[in-house]
Amino acid sequence: MLNTIKKFTSVNSVSGSEEKLRALIEKEILPFVDSVQTDAMGNLIAYKKGENSEKKLMVAAHMDEIGFVVTYIEDNGIIRVSNIGGIRPIASAYHPVVFANGTIGILGIDANTKPEEIKINKLFVDIGAKSRREAEKKVKIGDICAVAPSFKKLAGGRYAAKAFDDRIGCAVAVDAARNAKKTAMDTYYVFTVQEEVGLRGSKPSAFSVMPDYAVAIDVTTADAPGEKGVSVTLGGGAAIKIKDSSVICSKVMVDRLTALAKENNIKHQYEILTAGGTDTASMQLAGAGSVAGCISIPTRYIHSPVEVLDMADVKACSQLLTALIENGIE
Ligand code: CO
Ligand code: ZN
């Protein structure tokens, strides 16, 4: 599992540019499923036939992460960018970024900017070029970059990396496909694109799968210092989603996940995410609708270059998803 996580966090995968990660996931899940295909938008759909093919389960984890797109190059070689997804400018600044062609830059903030004025238009990328002409040899308008991959082991079985949102969901889905001893329903493991820009990839992919049951795997805000009134604690186990700002989970799914967690002694807690949506919503609303829920991985400092999670929680999430795949809903 740790190897899969390291592999998945080693590449950039900004919304709309998920190719590198998709290739890694495809290779990793192929041995455990019957077929794999990529749809027009770039979603990766892996299919595993179930013991009973009357009902379909869709598991979704998003491949994309937040990043930056080049909008303008100044005469002095400084590169201006716009955001892709919910960037937190202060959190991203003063870190290295990397472009698809390997060019490294530093994300800076215009000098003398007051803290409350730090918005995307005050950010720039310095690749070391002394002029526009020199910069244009490496970077052009429309190029995409993201914070450079980082993976660090902390104390107590905890780890830090950028884009655990949602590489960790991708790793959990692959891990469950690997570990499931049987597959109750026809199961579609879908690795979606463009979640961070409005749950986009999950809409057409859910429409093509047309699931009866659906579960998303994504991160959720845990109790970082200063967070008040957050229901989820880091190390508190798999978080069963009740609601977020995009979805109210089906009681059938919440109850089923709870029962499976209890039967299998999997540490669990409940999640209410007050800001932010998930692919759960797209799946719930596809076609005539599905019984949808979400297993959330408690995470601190989401959308920063140093998101933190606890491997015990990750394992609990993987065990809970595996139990659902093996046993289905009834
Ligand atoms: Co996110
Ligand atoms: Zn996410």
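Remember, predicted model here, so these are calculated numbers, not experimental data.

Chemist: I'm lost on the environment of Val197 in this one. Help?
Modeler: Structurally, the position occupied by Val197 is in the loop between β12 (185-192) and α6 (202-209). Beyond its immediate sequence surroundings of up to four residues, Val197 is in contact with Ser15, Asp64, Ile84 and Gly85.

Chemist: Mind showing me how you'd approach helix α9 (residues 311-327) here?
Modeler: With 17 residues, α9 should cover 24 Å at 1.5 Å per step; its first-to-last C-alpha distance of 24 Å lies within 8% of that length. The element α9 is largely enclosed, with a buried count of 13 among its 17 residues. The N-capping residue of α9, defined by a side-chain oxygen 2.9 Å from the backbone nitrogen of Ala312, is Asp310. Looking at the residues trailing α9, positive phi occurs at Gly328, about 65 degrees.

Chemist: Sorry if this is basic, but what is going on with the coordination of the cobalt ion (ligand 1) here?
Modeler: When a metal carries six donors in an octahedron, the ideal angles between them are 90 or 180 degrees, while four donors in a tetrahedron ideally lie at 109.5 degrees. Bound to the cobalt ion (ligand 1) on the protein side are Asp165 (OD), Glu196 (OE), Glu196 (OE) and His303 (NE2), at distances that span 1.8 to 2.6 Å. Around the cobalt ion (ligand 1), the four donor atoms sit at angles spanning 54 to 155 degrees, and that spread fits a shape best called irregular. A gap of 3.4 Å separates the cobalt ion (ligand 1) and the zinc ion (ligand 2), which Asp165 links by coordinating each metal. Of this pair, Glu196 sits in the loop between β12 and α6 while His303 sits in the loop between β17 (291-299) and β18 (307-310), placing them 107 residues apart in sequence. Residue classification places Glu196 among the buried residues on the basis of a relative accessible area of 13%.

Each value, and the rule that gives it
- Residues numbered from 1 in each chain as written.
- Chains lettered and ligands numbered in written order.
- Predicted model: local features only at pLDDT ≥ 70, side-chain atom pairs only at ≥ 80, totals over all residues.
- Heavy atoms only, no water.
- Helix = DSSP H or I, 4+ residues; strand = E, 2+ residues; numbered from the N terminus.
- Contact = heavy atoms within 4.5 Å.
- Expected span 1.5 Å × (residues − 1).
- Buried < 20%, exposed > 50% of the residue type's maximum accessible area, 1.4 Å probe, protein only.
- Polar contact = N/O pair within 3.5 Å; in protein donor to acceptor, adjacent residues only side chain to side chain.
- Donors = N, O, S within 2.8 Å, 3.2 Å for Na, K, Ca; no water.
- Tetrahedral: all angles 85-135°; square planar, octahedral: opposite > 155°, others 65-115°.

Function cannot be read off these values alone, since they describe shape.
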